[in-house]
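Geometric and topological summary
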Amino acid sequence: SSDVCSSDLTLAQDLGVMSGNSFEDFCKPSEGKDFIIQDWLPNEALTMMFAPSGSGKGFLALDFAFTVACDDIHEWHGKKVVKHGPVVYLAGEGQRGMKKRCAGLANYKGINPANIQMHVITEAIALDDKHPQFGIQKAIANIGMRCPEPALVIIDTVNCYMQGDENKTPDTSAFLRACKQIIEEFHCTVMLIHHTGHSAENQGRARGSSVFKGAMDMEYKVSKTGRIITLENSKNKDNEEQPPMVFQMVEVPVPNFYNSMGWQEKTCVIEFDEQTTAIVGGQSTPKEKVTKTEQFARDTYKEAAAKFGIIIHDEETHADVVAVDTENWREVFYRRCA
């Protein structure tokens, strides 16, 4: 505005001009792509994948990473890959196990590791460290040195890269501000890998402050029963939440990895279970009127089906359905109801 004093402009330039637009420009569609992977991985967003320890979230995170980092992969389990680009994986723990997973996954997909634009940083540092030579500034410098324009940065796990108390709002906010600095610096998406609490009532949410969920553009809940992994879209800030996806854990050999007995080592990869996903994720028809109680019953049935269901053939309808033991359904229903 012409009414803005020149002294104000000078002061703003000295202190750093904050980004902004006129209201007319603000209302225009953003340039570029809204998604990296259609419906499931937004572009320039803060996301989180959470699950209890040992639930397979690391395998899913790697599956996301490989899909984005390899130009030869055009679909992610039926969803279009909208944008490819380098991936930076901050692996704060379990590096040897991750090496095996990466080598096994590349071999399983038939991809030459030289064609995967992925960089792994194994040092765990506190992103919320206030020291100017450490924390987020060190992380940004190291990411930029390896990859000036990453499409995706995965932080595995929150516990490895957070100095403060995850249960305290100020500490959590400081950590999330650091994560958003990465997004602003590189115009990329950040995916946090986090755990649930230990108690039974906290298995449906990420551990720590509720600020985590509030800050997310997209959130994923992972659960595992035997070799079945279910991925749920527990929050989708700007779009409808996606139906659950079901995967099978499959054991595969790892080239060039041998144990002390000289036997080739193995790891696991995930395979999309299209049939179970289609059944578990079935939606009501638009014309069907469903009460809140009926919808609650259906939602809890779907959750129970994803964890405990078995596919059977219904002789009356001649269709495959997911059968759930009543006790398993009741356990989910009681846990979620008031």
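For the structure itself, look to the data block above.
Since the model is a prediction, treat every value here as computed from it, not as a measurement.

The step from Asp156 to Thr157 runs through a cis peptide bond, and the omega angle for that step is 5°. With respect to the helices, strands and loops of the structure, Thr157 is situated in the loop between β8 (152–156) and α6 (158–161). Phi is positive for Asp39, close to 70°, though the residue is something other than glycine. Within the fold, Asp39 resides in the loop between β1 (35–37) and β2 (41–42). Within the chain, Asn256 stands out as a residue other than glycine whose phi angle is a positive 75°. By the element assignment, Asn256 lies in strand β12 (residues 245–258).

So, on to the sheet that holds β12. Read across the sheet, nine strands follow the order β7-β6-β8-β9-β3-β10-β11-β12-β13 without closing on themselves; strand pairing throughout is mixed. Strands with a single pairing partner mark the edges of an open sheet, and in this sheet they are β7 (118–121) and β13 (264–272). Taken pair by pair, the neighbouring strands of this sheet meet at an average axis angle of 25°, ignoring direction. In the sheet, β8 pairs with strand β9 (residues 189–195) via five bridges, with the strands oriented parallel. Looking across to β9, one finds that Asp156 is bridged to Ile193. Each of β6 (87–91), β7 and β8 is contacted by helix α5 (residues 135–146), which is oriented at about 145° to β7, the strand it contacts most.

Its 17 residues place the ends of helix α10 (residues 292–308) 24 Å apart at the C-alpha level, agreeing with the 24 Å of an ideal helix rising 1.5 Å per residue. The set of residues buried in α10 consists of Ala297, Thr300, Glu303, Ala304, Ala305 and Ala306. Taken together, the buried residues of α10 touch β10 (218–225), β11 (228–236), α9 (274–280), β15 (319–323) and α11 (326–336).

This part covers the pairing of β8. Within β8, five of the five residues are buried, leaving the element largely enclosed by the surrounding structure. A two-sided burial pattern is seen for β8, the buried positions comprising Leu152, Ile154 and Asp156 on one face and Val153 and Ile155 on the other.

Looking now at the pattern of salt bridges. Scanning all chains against the criterion turns up 14 salt bridges. The salt bridge involving Lys109 is made with Asp63; its shortest N-O contact spans 3.6 Å. Of this pair, Lys109 sits in helix α4 (residues 95–109) while Asp63 sits in helix α3 (residues 57–69), placing them 46 residues apart in sequence. With its nearest N and O atoms 2.6 Å apart, the salt bridge here joins Arg330 to Glu327. Pair noted here: Arg330 and Glu327 are both in helix α11, with a separation of three residues, about one helical turn. Through salt bridges with shared partners, one network takes in Lys221, Glu303, Lys307, Glu331, Arg335 and Arg336.

In this section: the packing of α5 against helix α7 (residues 169–186). It is at 10 Å that the axes of α5 and α7 come closest, and there the two elements cross at 35°. Considering only the axes of α5 and α7, their crossing is right-handed. Touching Ile136, Gln137, Ile140, Ile143 and Gly144 of α5 are Ala178, Gln181, Ile182, Glu185 and Phe186, all from α7. Among the residues making up the contact of α5 with α7, the classes are represented as six nonpolar, three polar and one charged.

Basis of the calculations
- Residues numbered from 1 in each chain as written.
- Predicted model: local features only at pLDDT ≥ 70, side-chain atom pairs only at ≥ 80, totals over all residues.
- Heavy atoms only, no water.
- Helix = DSSP H or I, 4+ residues; strand = E, 2+ residues; numbered from the N terminus.
- Pairing = 2+ DSSP bridges.
- Axes fitted to C-alpha atoms, helices over the stretch in contact; angles between N-to-C directions.
- Contact = heavy atoms within 4.5 Å.
- Expected span 1.5 Å × (residues − 1).
- Buried < 20%, exposed > 50% of the residue type's maximum accessible area, 1.4 Å probe, protein only.
- Salt bridge = Lys/Arg side-chain N within 4 Å of Asp/Glu carboxyl O.
- Left-handed = near helix turned anticlockwise from the far one by under 90°.
- Nonpolar A, V, L, I, M, F, W, Y, C, P; charged D, E, K, R; others polar.

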